Amino acid sequence: MTRLLFALMLFVSSGADAHQPEMDMAPRWGGGYGFQTRVEHFDDVTTTWVEGVYTWDKSVRATFKLPYRDGELGDLILGLPLKKYVNDGPKTANWSITPSVQLPTGDRGEWDTGVSFSYSSETPSFYQLYDLYTWGDRTGLDINAGFAFPGKGSGTFALWDVSLLTSDQGDRVQTGPVFVYFKKNMMFRAEYKHLVYERDSDWEGGFFNIGIGFVY
Amino acid sequence: MIYRFKALALLIALSSSPALAQDYVIHVNGIVCEFCSLGVTKKVSKLPFIDHSKFDRGVQVEIENQLVTIAVKPDAELDKDALFAAIESGGYNPVEIFELTSDGERKAYQP
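Here is a short report on the structure shown in this document. If you're wondering where the values come from, they're calculated on a predicted model, not measured in any experiment.

### What to know about the packing of helix 2 (residues 38-45) of chain B against helix 3 (residues 80-89) of chain B
Residues and elements named next belong to chain B.
Here comes step 1: It is at 8 Å that the axes of helix 2 and helix 3 come closest, and there the two elements cross at 145°. Once helix 2 is placed against helix 3, the crossing between them reads as right-handed. Mapping the contact onto sequence places Val-40, Lys-43 and Val-44 in helix 2 and Leu-83, Ala-86, Ile-87 and Ser-89 in helix 3.

Shown next, in the form of structure tokens:
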């Protein structure tokens, strides 16, 4: 039962707190779209995600996230990121609100809803993202910040992630490095977060996430 | 022999220089990441007056200085409104446009 609760929590929270820059940075052009797949592992549970995004205009996007675990598809999560961009000289920033709904498409499917509020800004050499989200009894804050190393047609980001979560299943703080590499329209991301604090839970071990995505 | 070498070097320098009369530079606010700016290249390169034989489909993004350089076909005329609309659709805000002279200098764009 405990494992099932953990699995359900991962299903619904991962869509909100495991960011991929592809969903935030790109595509920000009208008619742009992208796909990505990533694998995450935490607390002896491995989940593969297939995700996609479509951008009508830089201020309106639609996303989907579909998890796959233990040979079963999970619940589909649909999101509607609404963004307000500010382009100011050598800096771009956006405020975002993302209402999301989880559809009971999985074997243990259930409806759920969530919303996140985020802010990110970027210069040629620095990137930061703050995301406050809530899903049912779960509330979390995710912070990504670090340096960008642009190349010619490619680039690298070296970020640090801090994730805080409070829920009926317990509270936790995880932190660790994030490595991002892009070349043309491909982005690769790998991250590890160490569980530095937990309360009233049985969580243990680190969080691993590795993914690759493409935008068009 | 030396003159031939100098002439050849000059020819190579001229042929590889991006600073030709049909190139324009646009200052674009917020264009600080090549991955995020793919849309600008995508949108601008679709414009009918863009010369695809230069740069990346006729477009070069310089994120360090928030500049976009475009190559315009020799027999075509730049449409500033369409260009700015394409950059807006690519997710950014164009500020001003300059014409590149043959020696690489920028001068104010006169339609």
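So much for the structure itself; the text now carries on.
### Some details on the sheet that holds strand 1 (residues 23-29) of chain B
Residues and elements named next belong to chain B.
Here comes step 1: As summarised here, the arrangement of the five strands in space is 2-3-1-4-5, forming an open sheet in which the pairing is antiparallel. Every other strand in the sheet has two partners, leaving strand 2 (59-62) and strand 5 (106-108) as the edge strands with one partner each. Averaged over all pairs of adjacent strands, the angle between their axes in this sheet comes to 35°, without regard to strand direction.
Here comes step 2: Both strand 1 and strand 3 (residues 67-71) contribute to a ladder of five bridges, which runs antiparallel. Within strand 3, the position partnered with Asp-23 by the bridge is Ala-71.
Here comes step 3: Of the strands in this sheet, strand 2 and strand 3 are in contact with helix 2, which crosses strand 2 at around 155°.

### Structural notes on the pairing of strand 12 (residues 170-183) of chain A
Residues and elements named next belong to chain A.
Here comes step 1: Note that strand 11 (residues 154-167) and strand 12 share 14 bridges and pair antiparallel. When the bridges of strand 12 are listed, Leu-165 appears paired with Arg-172.
Here comes step 2: From the end of strand 11 to the start of strand 12, which pair antiparallel, there are two residues.
Here comes step 3: Sheet analysis places strand 12 next to strand 13 (residues 186-199), joined by eleven bridges and oriented antiparallel. Within strand 13, the position partnered with Phe-182 by the bridge is Met-187.
Here comes step 4: Hairpin connection from strand 12 to strand 13: two residues lie between these consecutive antiparallel strands, with Lys-184 at a positive phi of about 55°.

Thresholds applied
Residues numbered from 1 in each chain as written. Chains lettered and ligands numbered in written order. Predicted model: local features only at pLDDT ≥ 70, side-chain atom pairs only at ≥ 80, totals over all residues. Axes fitted to C-alpha atoms, helices over the stretch in contact; angles between N-to-C directions. Helix = DSSP H or I, 4+ residues; strand = E, 2+ residues; numbered from the N terminus. Left-handed = near helix turned anticlockwise from the far one by under 90°. Contact = placed C-beta atoms within 7 Å. Pairing = 2+ DSSP bridges.

Treat this as a map of the structure, not an account of what it does.
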